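Results of the structural survey
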Amino acid sequence: MQFHHDKHHAAYVNNLNLTVAKYPELQKKTVVELIKNLDSLPADIPTSVRNNGGGDLNHTMFWQIMSPDGGGEPKGEIGAAIIAKFGSFEEFKNAFNQAGTKLFGSGWTWLVLNKSGQLEITSTANQDSPLMKGLQPIMGNDVLEHA
């Protein structure tokens, strides 16, 4: 994981910085703003922002939700919402793991809030972010390297 963080994730950050270097107005935007507005970017950079910005954003969330003392059933609102949507935490885990298993190649499996504000499990290819589809990510798993 340290190699993945220090080499792969760092490369996403460096490459994103290089991508927006020639556009001072874009350097003021957050990665979320860039990812949510790929269609409004200069024609030569959306693919690089998608790949590198998505890689940065996805991995930043990934590192933040990991903990050596983590695990167990979620509590509070998110725990109640998972049970309401999936019937139990065990059923959620089964559905989440199944979605990850079905994803071919590189990508991510996500727990998101959909456009109706409901929980949903979805997957994206490569370093794509649910934000690109108007979904709000809650938790993601990098399927290729970490499943």
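Residues numbered from 1 in each chain as written. Predicted model: local features only at pLDDT ≥ 70, side-chain atom pairs only at ≥ 80, totals over all residues. Heavy atoms only, no water.

**Some details on the pattern of salt bridges**
Tallying each qualifying case throughout the model produces three salt bridges. One salt bridge connects K22 with D44, and the closest N-O pair in it is separated by 2.7 Å. Of this pair, K22 sits in the loop between α1 (2-20) and α2 (24-27) while D44 sits in the loop between α3 (31-36) and α4 (46-65), and the two are 22 residues apart along the sequence. On the accessibility criterion, D44 (46% relative accessible area) is partly exposed. Between D128 and R50 there is a salt bridge, and its shortest N-O distance comes to 2.8 Å. Within this pair, whereas D128 is found in the loop between β2 (119-125) and β3 (136-142), its partner R50 is found in helix α4, the two being separated by 78 residues in sequence. (Salt bridge = Lys/Arg side-chain N within 4 Å of Asp/Glu carboxyl O. Helix = DSSP H or I, 4+ residues; strand = E, 2+ residues; numbered from the N terminus. Buried < 20%, exposed > 50% of the residue type's maximum accessible area, 1.4 Å probe, protein only.)

**Some words on the UniProt feature "binding site: Mn(2+)" (unreviewed entry) in the protein chain**
Following the UniProt record, the feature "binding site: Mn(2+)" (unreviewed entry) maps to H4, H59, D142 and H146 here. Of note, D142 is situated in strand β3. There is a polar contact of 3.0 Å between the side chain of D142 and the side chain of H59. (UniProt positions renumbered as here; feature names shortened; annotations may be inferred. Polar contact = N/O pair within 3.5 Å; in protein donor to acceptor, adjacent residues only side chain to side chain.)

**Describing the side chain of H4**
Following the sequence through the fold, H4 ends up in helix α1. For H4, the side chain forms a polar contact with the side chain of H59, separated by 2.8 Å.

**Describing the sheet that holds strand β1 (residues 107-113)**
Strand order across the open sheet formed by three strands is β2-β1-β3, with antiparallel pairing between neighbours. Edge strands, defined here as strands with exactly one partner in the open sheet, are β2 and β3. Along the sheet, successive strands turn relative to each other by an average axial angle of 25°, direction set aside. Summarising the sheet, β1 and β3 pair through six bridges and their orientation is antiparallel. Bridge pairing in β3 links V112 to P137. (Pairing = 2+ DSSP bridges. Axes fitted to C-alpha atoms, helices over the stretch in contact; angles between N-to-C directions.)

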